Amino acid sequence: EAGVAQSPRYKIIEKRQSVAFWCNPISGHATLYWYQQILGQGPKLLIQFQNNGVVDDSQLPKDRFSAERLKGVDSTLKIQPAKLEDSAVYLCASSSMGGQGVHEQYFGPGTRLTVT
Amino acid sequence: AQSVSQHNHHVILSEAASLELGCNYSYGGTVNLFWYVQYPGQHLQLLLKYFSGDPLVKGIKGFEAEFIKSKFSFNLRKPSVQWSDTAEYFCAVTSSTGKLIFGQGTTLQVKP
């Protein structure tokens, strides 16, 4: 079974530039998550999709971050314009529908973003 | 609001030493608890999980964790660590939507 795919793996941009990250979840996984992991901290959820609908985007800085999952499969996360504090690893995870309403999440390798 | 606190930020042990990493959470409802591990250069991967039932949970690679509801704790243990256990360890809790809330992580360094 192929895992969660993310690209690019690394990105360096200057502040005020824009950047986009791509994620392809495990085949058949209905739920997709984007997390931001700042150095020295645990991952923090930015947005959660169930198929192509948004379940939770309460911690997404909507003035600069956007995400979409148009066909309920792969997803794109965009930052425009980037700030220095956006330097982090952006993790994508996916999960399937399972029992008890809680589903194990499988993580991709992440995209390490450096904003200079 | 839910939160997770990991007490140890950086732990250094010699091989064969015993390990216990502390994790406390705050959440008033039914909790589902996880420990994730990130080996150097690798993805976050699930070490073990607790949904219900036996509060002593066994995971991969000889790890176990005990859910103590009265203490809001889910500490990770291993009787004898190996050099290959060097990694970062994250405790996490989920809400009913499946959102994972992570602690800040503990870096474990095992000296050969």
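Definitions and cut-offs
Residues numbered from 1 in each chain as written. Chains lettered and ligands numbered in written order. Predicted model: local features only at pLDDT ≥ 70, side-chain atom pairs only at ≥ 80, totals over all residues. Heavy atoms only, no water. Helix = DSSP H or I, 4+ residues; strand = E, 2+ residues; numbered from the N terminus. Buried < 20%, exposed > 50% of the residue type's maximum accessible area, 1.4 Å probe, protein only. Contact = heavy atoms within 4.5 Å. Areas by Shrake-Rupley, 256 points an atom, 1.4 Å probe, with all protein chains shown as cover. Lys, Arg positive; Asp, Glu negative; His and termini not counted. Charge placed at Lys NZ, Arg CZ, Asp CG, Glu CD. Pairing = 2+ DSSP bridges. Disulfide = S-S within 2.5 Å.

Draft legend 1. Structural context of the overall build of chain B. What chain B contains, in helices and strands, is zero helices and twelve strands. Reading chain B from its N end, one meets helices and strands in the order β-β-β-β-β-β-β-β-β-β-β-β. Taken along its principal axes, the extent of the C-alpha atoms in chain B is 40 × 25 × 20 Å. When each of the 112 residues of chain B is scored for burial, the buried share is 49%. Within chain B, residue pairs in contact and separated by at least 24 positions form 54% of the contacts whose partners lie at least 6 positions apart. Surface exposure of chain B reaches about 5300 Å², of which carbon and sulfur atoms provide 53%. Between the centroid of the 9 positive side chains of chain B and the centroid of its 7 negative side chains there is a distance of 5 Å.

Draft legend 2. Summary view of the pairing of strand 10 (residues 87–94) of chain B. All names here are of chain B. In terms of residue burial, strand 10 counts as a mostly covered element, since seven of its eight residues are buried. Sheet analysis places strand 5 (residues 32–38) next to strand 10, joined by seven bridges and oriented antiparallel. Across the sheet, residue L33 finds its bridge partner in strand 10, namely V93.

Draft legend 3. Geometry of the environment of G29(B). All names here are of chain B. Here G29 lies in the loop between strand 4 (23–26) and strand 5. Residue G29 is classed as partly exposed on the basis of its relative accessible area, which comes to 40%. Taking the C-alpha atoms as reference points, G29 and Q2, separated by 27 residues in sequence, lie 9.8 Å from one another.

Draft legend 4. A look at the pairing of strand 12 (residues 106–111) of chain B. Residues and elements named next belong to chain B. Residues T106, L108 and V110 point to one face of strand 12 and are all buried, whereas T107, Q109 and K111, pointing to the other face, are not buried. Bridge analysis of strand 10 against strand 12 gives three bridges, and the strand direction is antiparallel. Note that in strand 12 the partner of Y89 across the bridge is T106.

Draft legend 5. Spotlight on the state of the cysteines. Summed over all chains, the structure comprises two disulfides over all chains. Linked covalently through their sulfurs, C23(A) and C92(A) form a disulfide whose S-S length is 1.9 Å. Across the disulfide from C23(A) to C92(A), rotation about the S-S bond amounts to roughly -70 degrees, and the bridge is consequently left-handed. Of this pair, C23(A) sits in strand 3 (residues 19–24) while C92(A) sits in strand 9 (residues 88–95), and the two are 69 residues apart along the sequence. Put simply, C23(B) and C91(B) are joined by a disulfide, and their sulfur atoms are 1.9 Å apart. Since a negative S-S torsion denotes a left-handed disulfide, the C23(B)-C91(B) link at about -65 degrees is left-handed.

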